[in-house]
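# Summary of structural features
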Amino acid sequence: MAKRRRTRKAGGGSPVRRIAAFLLLVLLSALIFLAPTLLRRPVPVPDAEAEARVTAVLPEGLDHTRRSFVLTACSLVGRVGYFWGGKSLVLGWDDRWGEPAEVTAEGSDTTGTEQPYGLDCSGFVDWAFYNASGGSYIIGQGGGAAAQHASCTDIAWDEVQPGDLLFYPEDEHVGIAAGRDWLGLLLVVHCASGTNGVTISHQTSFETAARPVWYADK
């Protein structure tokens, strides 16, 4: 006896497959719609958890000036990307951040390309000091990490307090000490190319600790 051939009805397929296909279509449509915006302003989502992490470890009785400086720096965690040569002396949010801009500073493989505007490591420290001081102070007068280091006095690691600065060898990178975690490990707020923006990490690779002379005037 000949076997009957099974024929699929038009629009066949299990209900689960049809639902999955529909959801995939919706997702692809949303990505196509949002792609121009995402590519134009790839600004990271604010990292509220990271900021709260630092707030929780700031010691009680910490000088108000230091606390203000550290919390001001933390306000950009996860919000501003890394940009070689990126500077900003704007009180509050700089509307240029995230907008396409040409990298004009020499010395990077991104030089001459167009990138979302942000800050470099010393530009981030400049912005934090400028905002914490209400626009009255720029450490190193915008001269980069080496000039910022020259505006400090080197200190021992066990003397580091939140708000002191930390430097890589040869002043190739700078960050802001932000207290110690529950294990006693020093946390640093910095704008790094490796994380593509302002982040919080441990002191790994930072070699020198220094205290801004600014605190002595407060």
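The notes below deal with the structure included here. None of these values were measured; they are calculated from a predicted model.

Here is what the cut-offs are and how they apply
- Residues numbered from 1 in each chain as written.
- Predicted model: local features only at pLDDT ≥ 70, side-chain atom pairs only at ≥ 80, totals over all residues.
- Heavy atoms only, no water.
- Buried < 20%, exposed > 50% of the residue type's maximum accessible area, 1.4 Å probe, protein only.
- Helix = DSSP H or I, 4+ residues; strand = E, 2+ residues; numbered from the N terminus.
- Polar contact = N/O pair within 3.5 Å; in protein donor to acceptor, adjacent residues only side chain to side chain.
- Core = buried A, V, L, I, M, F, W, Y, C linked by side-chain atoms within 4.5 Å.
- Contact = heavy atoms within 4.5 Å.
- Patch = residues over 30% accessible without salt bridge, like charges linked within 9 Å, V, L, I, M, F, W, Y side chains within 5 Å.
- Areas by Shrake-Rupley, 256 points an atom, 1.4 Å probe, with all protein chains shown as cover.
- Salt bridge = Lys/Arg side-chain N within 4 Å of Asp/Glu carboxyl O.
- Expected span 1.5 Å × (residues − 1).
- Disulfide = S-S within 2.5 Å.
- Pairing = 2+ DSSP bridges.
- Axes fitted to C-alpha atoms, helices over the stretch in contact; angles between N-to-C directions.

Here helix 3 (residues 64-74) has its buried residues at T65, R66, F69, V70, T72, A73 and C74. Backbone nitrogen of T65 and a side-chain oxygen of the N-cap are separated by 2.9 Å at the start of helix 3; the cap is D63.

With that out of the way, let us pick up the nonpolar core. Counting 40 residues, the largest nonpolar core has F124, L165 and V189 as its most contacted members. For this core, the secondary-structure elements that each account for two or more residues are helix 3, helix 4 (121-132), strand 4 (165-167), strand 5 (174-180), strand 6 (186-192) and strand 7 (197-202). Aside from chain neighbours lying at most four places away, what touches L165 is F69, V125, F129, I139, C152, V174, G175, I176, T208, A209, A210 and P212. With eight residues, the next largest nonpolar core counts I155, A177, V188 and A209 among its residues.

The next point concerns a nonpolar patch on the surface. Judged by side-chain polarity, I19, F22 and L23 come together as a nonpolar surface patch covering roughly 330 Å² of accessible area. Looking at where F22 falls in the secondary structure, it is placed in helix 1 (residues 15-40). Look at F22 and you get exposed, because its relative accessible area is 54%.

The terminal C-alpha atoms of helix 4 lie 17 Å apart, and with twelve residues this matches the ideal 16 Å at 1.5 Å per residue to within 8%. With eleven of twelve residues buried, helix 4 is to be regarded as a mostly interior element. Phi turns positive, to about 70°, at G134, one or two residues after helix 4.

A complete count under the given rule lists zero disulfides for this structure. In this structure C191 is a free cysteine whose sulfur lies 7.7 Å from that of C121, the closest cysteine sulfur available. On the accessibility criterion, C191 (0% relative accessible area) is buried.

Right, let's talk about the sheet that holds strand 3 (residues 152-155) for a bit. Taken together, six strands build an open sheet; the order of strands is 3-8-4-5-6-7 and the sheet is antiparallel. Strand pairing shows two members of the sheet lacking a second neighbour, strand 3 and strand 7, which therefore form its edges. Taken over all neighbouring pairs, the strand axes of this sheet differ in orientation by 35° on average, direction set aside. Looking at chain direction, strand 6 and strand 7 are connected through six bridges and run antiparallel. Bridge pairing links C191 to V198 in strand 7. Across the sheet, helix 3 is in contact with strand 4, strand 5, strand 6, strand 7 and strand 8 (208-212); its angle to strand 5 comes to roughly 115°. Contacts from helix 4 reach strand 4, strand 5, strand 6, strand 7 and strand 8 within the one sheet, and its direction differs from that of strand 5 by about 60°.

Attention now goes to the pattern of salt bridges. Under the definition given, this model contains four salt bridges. Across the pair R66 and D164 runs a salt bridge whose closest N-O atoms are separated by 3.0 Å. Separated by 98 residues along the polypeptide, R66 in helix 3 and D164 in the loop between strand 3 and strand 4 bring together distant segments of the chain. The residues R66 and D164 share a single accessibility class, namely buried. In this structure, D94 and R96 form a salt bridge, with 2.8 Å as the shortest nitrogen-oxygen distance. What makes D94 buried here is its relative accessible area of 3%. Classification of R96 by relative accessible area gives partly exposed; the value is 42%. When salt bridges that share partners are traced, they join R66, D164 and R211 into one network.

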